[in-house]
Amino acid sequence: MAALFTCTLFLVTSLPKASPVLVEQKSAVSRQYKEFLSYAKFIKHSNHSLRAVEKIASFFVEKQSECPFSCVNEPRCYSCNTASYPDLAGSYLCELLATDKYRAETKFQPNSSFHHYSLGDPCQEERCGNNGDCIPDFENYFYSCDCHPGFAGKHCERRGKTCSEIKSRSTQAPSGSYVIDPDGDGGYSSFSVYCDMIDNNGVGVTILSHDSEDRTLVDGFEEKGSYVRNVYYIGAGVSSVAQMSGIPMVSAYCEHFIKYECKGSLLFRSAPAGWWVSRDSVQMLYWGGASPDDFQKCACGAATPNTCNCDANIGSSWHEDSGKLTDKNHLPVIQLRFGDTESGEAGYHTLGKLRCYGMA
Ligand SMILES: [Ca+2]
Ligand SMILES: [Ca+2]
């Protein structure tokens, strides 16, 4: 049976406090140097030994417990065998080994003549929650958790905040529907999104759908902004704009494709006829492909004095302004407004899904 054996070694107190030899040596087992104290945690496996592996040294000790002490003090030592019984002189054989039962699993066997000491398994306790896998690091007596897809945190104890965080904590997570909680435990409740785990080099893209993605006709609304389309986001548990806004807040990048096709229907020229509304309910006067500093401009006008294709106000043919909105502080879009569509004038709006990725 395995019993926890804590091995504490006081080095000779006359050693200089900052002995460079001790500090620099790379130990096989976990050794931490605190002042003059060095220790490692061993588990005693009675009546077992690790045979036919590389021995660093064999010698006799007065007490069995001196053997793991010696292992702690030998940089190449991972584990040790000690004789179960003394020899005629009352001493016990001690073998310092260059490997351990985790690395040489098949060499670890019952043996009534020996006890074996090795470092404990850092994953022996239930370390990782929500079916996460514990990944042991025997050399440093440390572990990490590979989370079951959807979970995050050091111990996989909570929902992922975004698809990027989920992907970072479980690299094999497939694309699909996931429950996320952008603001972590407490605050807003978690909700469902689609995670594209392939796009953008597999960073994990959080995708939020809404009810206004179809290309939609605007006709018969002459007053500026008199056409009103509220955008409702779709996902189990989605209940408020503030809740959804957590996605852009904790993401590095967001994009929201927006397009307006126009036949004699103005967007921004003079007093704006059309605009979109930010998550904070603010009227936004820049279009997809332009930046917030491009006041009353579309992608085509961002680098020129021109503004938007639709601002040419050409009633005899169709034109369009389109591009991605990328200022995550304004996203998602919650409303679309248009006007100047009467007597042969018209427009079509198209709004893509909200896509966010990376971790802020
Ligand atoms: Ca929450
Ligand atoms: Ca017009």
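Residues numbered from 1 in each chain as written. Chains lettered and ligands numbered in written order. Predicted model: local features only at pLDDT ≥ 70, side-chain atom pairs only at ≥ 80, totals over all residues.

So, the overall build of the protein chain
Okay, step 1: Within the protein chain, the secondary structure is distributed over six helices and 26 strands.
Okay, step 2: For the protein chain, with 360 residues in total, the buried portion stands at 39%.
Okay, step 3: Contacts in the protein chain between residues far apart in sequence, at least 24 positions, make up 64% of those at least 6 positions apart. (Helix = DSSP H or I, 4+ residues; strand = E, 2+ residues; numbered from the N terminus. Buried ≥ 20, exposed ≤ 12 C-beta atoms within 10 Å, placed from the backbone. Contact = placed C-beta atoms within 7 Å.)

Observations regarding the sheet that holds strand β18 (residues 227-230)
Okay, step 1: Within the open sheet, the four strands sit side by side as β18-β24-β21-β22. Their pairing is antiparallel. If you trace the sheet from one side to the other, it starts and ends with β18 and β22 (283-284), each paired once.
Okay, step 2: Of the pairings in the sheet, the one linking β18 to strand β24 (residues 335-338) comprises four bridges and is antiparallel in character. The residue bridging Arg229 from the neighbouring strand is Leu336, located in β24. (Pairing = 2+ DSSP bridges.)

With respect to the nonpolar core
Okay, step 1: Core analysis: the largest hydrophobic core is formed by 52 residues, its most contacted members being Val193, Cys195, Leu267, Trp287, Cys308 and Val333.
Okay, step 2: With four residues, strand β20 (residues 253-263) is the single largest residue contributor to this core.
Okay, step 3: Those residues in contact with Val193 that sit more than four places away from it in its chain are Cys163, Tyr178, Ile180, Thr206, Ile207, Leu208 and Gly235.
Okay, step 4: Grouped together as the second largest cluster of nonpolar side chains are 18 residues, Cys71, Cys80, Leu97 and Phe108 included. (Core = buried A, V, L, I, M, F, W, Y, C linked by C-beta atoms within 7 Å.)

Thoughts on the environment of Lys263
Okay, step 1: You can see Lys263 is positioned in strand β20.
Okay, step 2: Separated by 57 residues in the primary sequence, Lys263 and Glu320 place their C-alpha atoms 8.7 Å from one another.
Okay, step 3: Setting aside residues up to four positions removed in sequence, Lys263 forms contacts with Gly315, Ser317, Trp318, Glu345 and Ala346.

Points about the environment of Pro149
Okay, step 1: Relative to the helices and strands, Pro149 resides in the loop between β11 (142-146) and β12 (151-152).
Okay, step 2: With 19 C-beta atoms counted inside 10 Å, the residue Pro149 sits in the partly exposed group.
Okay, step 3: When sequence neighbours within four positions are dropped, the list of residues in contact with Pro149 reads Ile166, Ser170 and Ala173.

What to know about unusual backbone geometry
Okay, step 1: Each neighbour pair has its own omega, and for Leu331 with Pro332 the value is 5°, a cis peptide bond.
Okay, step 2: Note on placement: Pro332 falls in the loop between β23 (319-325) and β24.
Okay, step 3: In this model, Asn47 sits at a positive phi of 55°, which is unusual for a non-glycine residue.
Okay, step 4: Checked against the element boundaries, Asn47 lands in the loop between β3 (37-45) and β4 (48-50).
Okay, step 5: The exposure class assigned to Asn47 is partly exposed, which follows from the 13 C-beta atoms found within 10 Å.

Points about the environment of Ser322
Okay, step 1: Looking at the element boundaries, Ser322 is found in strand β23.
Okay, step 2: A sequence separation of 22 residues divides Ser322 from Cys300, and the C-alpha atoms of the two residues are 8.8 Å apart.

Notes on the confidence of the model for the protein chain
Regions with low pLDDT should not have their predicted coordinates read in detail.
Okay, step 1: Overall, the prediction assigns the protein chain a mean pLDDT of 88, with 89% of residues at 70 or greater.
Okay, step 2: When the criterion is pLDDT under 50, residues 1-27 qualifies, and its contacts beyond four places in sequence or with other chains add up to 38 contacts.
Okay, step 3: Confidence over residues 31-39 falls short of pLDDT 50; this stretch has 19 contacts with residues more than four positions distant or in other chains. (pLDDT = per-residue confidence, 0-100.)

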